[in-house]
Amino acid sequence: MAKIMLDVGGWQTVVDFATGDPVDDLNDPIMEDIKQITPSIPYPGDTEPGAIDWTVDAALAVCDYYNPDFIMLAFATQQLIKINQHLTPEESVAINERIFRQVSRFLENTDYQPMIIGMGGMQDIKSVIDQSQLSTRLITSMCAYHYAGLFMSSASDAETIKNMEHIEYVISKEELRASYPDMRETYYRMLPDFLLMSSDGYVFNEIGNRGIVHKKTPQLMRELPVYTTLDRPQHILEVRGILEHAMDKGKKVALIMLEGTGTDDFKLPFTMMDNQTEWFVYDQGLSQYLAAATGKKFYEYDYPPVVNSAAYLNTSEKYPFSQHFTFLPEDTIGRRPDKRTAAVGTRSGFIHETTMADICVECHSRQLSMSGVFVLVNDPKGEKRWG
């Protein structure tokens, strides 16, 4: 049975991952050990620069204990700070330098071969997209910045969308299915009537978590900077294969994902890799994590970029700590049966949802409200668990 442990300032509770029910008879040596580790790595908070250091502190603790063959480190702190706080140019430089100092600290204290990906830079918001002529408001998602969906549309909305300014691409639910007939049925059922992609710098809504007005927005990045001591990927969908091939040769590998980090922010020599499939650009967020961890195209998952959270928000049935997910990916680098795997990071939810590693350590935050450290100790590999 997969289990979750929450550590809130040293107060700990263990629950069943699938149901959220308390686990009274733990009988899990790994979780018992993890419970001894987390009090020494309290989470500072989503917009605290110290959370950058926490990512490496937590990763080193996991490596010392578990010695994984694969580990993902996900740094989201700098993106959350840049979106929600006004930074001077000097402060922006300082936070970028801090990121790479901490990445260097991790690599200097371990023997991992890295794949370091800058997930995209940040920019000023050019404008908020006018939705006033639509019959109902667009649905947006905290999992994607450049995508929105129109659900329960009226007959007039199709023409209205065609004439909306600052929309780079629109595709209907039926057009998507016709273009990608092998998409999963669950994916199709959750699609909006129309999926929209905004032009770079234009946002569907500038109001973020807890009513905070965003100060910046991610760039729409068709190419991403990458530094690696392994083979160089030409496309984000090649990342998993390169990491797997290196592990086949006995190497230990680290996938290091840097949100809010573009070419101007990157402090190591880099090459560029493609970050889109046909018209779809993998957004800075869930879709990039999934692309790197699974190697699958955007329509090969169970979930589209935008779902109607009112209809699909998962609060009581399965995986209550995993947003709206009732299916979790099985075919990921974290589920490789012959290797030990781990994932650590400051993006609540995405860490375990995309890698499904043996041990996942992440912040437990909702809308910038911090409630401690979240740990998933996963099921044994080699048996079907999800769905």
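Topic: the sheet that holds strand S7 (residues 139-141)
At step 1: On the basis of which strands lie adjacent, the open sheet formed by four strands has the order S7-S8-S10-S9 and antiparallel pairing. Both edges of this open sheet fall to S7 and strand S9 (167-172), since each of them pairs with a single strand only. Taken over all neighbouring pairs, the strand axes of this sheet differ in orientation by 25° on average, direction set aside.
At step 2: As judged from the two bridges shared by S7 and strand S8 (residues 144-150), these two strands associate in the antiparallel manner. For Ser141, the partnering residue across the bridge sits in S8 and is Ala144.

Describing the pairing of strand S18 (residues 341-345)
At step 1: In terms of burial, S18 is a largely internal element, five of the five residues being buried.
At step 2: Here S18 shows a buried face lined by Thr341, Ala343 and Gly345 and a second buried face lined by Ala342 and Val344.
At step 3: Where strand S3 (residues 70-75) meets S18, five bridges bridge the pair, whose relative direction is parallel. Pairing of Ile71 across the sheet is with Ala342, part of S18.

Regarding the packing of aromatic side chains
Ring pairs (aromatic) are described by centroid distance and by the angle formed between their planes.
At step 1: Going through the model one piece at a time under the given rule, you end up with 15 aromatic pairs.
At step 2: Seen from their ring centres, Tyr43 and Trp54 are 5.1 Å apart, and the 75° between their planes marks the pair as edge-to-face. With a gap of eleven residues between them, Tyr43 in the loop between helix H1 (29-37) and helix H2 (50-66) and Trp54 in helix H2 connect regions that are remote in the sequence.
At step 3: An angle of 25° between the planes, with centres 6.5 Å apart, marks the rings of Tyr65 and Tyr66 as stacked.
At step 4: By relative accessible area, which is 10% here, Tyr66 ends up buried.
At step 5: One aromatic cluster is present, formed by Tyr147, Tyr169, Tyr180, Trp279, Phe280, Tyr282, Phe298 and Tyr299 through successive ring pairs.
At step 6: Its guanidinium or amino end placed over the ring of Tyr188, Arg177 lies 3.7 Å from that ring's centre, counting from NZ or CZ.

Considerations on the packing of helix H3 (residues 77-84) against helix H4 (residues 89-108)
At step 1: Between H3 and H4, whose axes approach to 10 Å, the crossing angle comes to 170°. As summarised for this structure, H3 and H4 are arranged roughly antiparallel, according to the angle between their axes. Residues Gln78, Ile81 and Lys82 of H3 form the contact with H4, whose own contacting residues are Ile95, Asn96 and Ile99.
At step 2: Of the residues contributing to the contact of H3 with H4, the split by class is three nonpolar, two polar and one charged.

Remarks on unusual backbone geometry
At step 1: Even without being a glycine, Met152 presents a positive backbone phi close to 50°.
At step 2: With respect to the helices and strands, the residue Met152 is situated in the loop between S8 and helix H5 (157-162).
At step 3: In the Ramachandran plot, Glu278 falls in the positive-phi region, its phi being about 55° despite a non-glycine side chain.
At step 4: Within the secondary structure, Glu278 sits in the loop between strand S16 (276-277) and strand S17 (280-281).

Some remarks on the environment of Met273
At step 1: Mapped onto the elements, Met273 comes out in strand S15 (residues 271-274).
At step 2: Accessibility expressed as a relative area gives 0% for Met273, which makes it buried.
At step 3: For the pair Met273 and Pro233, spaced 40 residues apart in sequence, the C-alpha separation works out to 6.3 Å.
At step 4: Ignoring anything within four residues of it in the chain, the contact list for Met273 reads Ile117, Arg222, Glu223, Leu224, Val226, Pro233, Gln234, His235, Ile236 and Val239.

Quick word on the domain arrangement of the protein chain
At step 1: According to the domain assignment, the protein chain consists of domain 1 (3-123 + 215-296 + 331-377) and domain 2 (127-203).
At step 2: When each unit is reduced to the centre of its C-alpha atoms, the spacing between domain 1 and domain 2 is 29 Å.
At step 3: Contacts between the two partners involve 18 residues from domain 1, matched on the other side by 17 residues from domain 2.
At step 4: For the domain 1 face of the interface with domain 2, the top three residues by lost area are Leu220, Trp279 and Asp283, together amounting to 45%.
At step 5: Where domain 1 meets domain 2, there are one salt bridge.
At step 6: Across the pair Arg222 and Glu168 runs a salt bridge, and its minimum N-O distance is 2.1 Å.
At step 7: If you look at where domain 1 meets domain 2, you find ten residue pairs in polar contact (both at pLDDT 80 or more).
At step 8: Taken together, the elements giving at least two residues each to the side of domain 1 that touches domain 2 come down to H3, strand S12 (217-218) and S17.
At step 9: Here the side of domain 1 that touches domain 2 is composed, by residue class, of eight nonpolar, six polar and four charged.

Here is what the cut-offs are and how they apply
Residues numbered from 1 in each chain as written. Predicted model: local features only at pLDDT ≥ 70, side-chain atom pairs only at ≥ 80, totals over all residues. Heavy atoms only, no water. Pairing = 2+ DSSP bridges. Helix = DSSP H or I, 4+ residues; strand = E, 2+ residues; numbered from the N terminus. Axes fitted to C-alpha atoms, helices over the stretch in contact; angles between N-to-C directions. Buried < 20%, exposed > 50% of the residue type's maximum accessible area, 1.4 Å probe, protein only. Phe/Tyr/Trp six-rings, centres within 6.5 Å; stacked < 30°, edge-to-face > 60°. Lys NZ or Arg CZ within 6 Å of the ring centre and 35° of its normal. Parallel < 35°, antiparallel > 145°, perpendicular 65-115°, else oblique. Contact = heavy atoms within 4.5 Å. Nonpolar A, V, L, I, M, F, W, Y, C, P; charged D, E, K, R; others polar. Domains from an automatic or database assignment. Buried area = accessible area lost by both parts, 1.4 Å probe. Salt bridge = Lys/Arg side-chain N within 4 Å of Asp/Glu carboxyl O. Polar contact = N/O pair within 3.5 Å; in protein donor to acceptor, adjacent residues only side chain to side chain.

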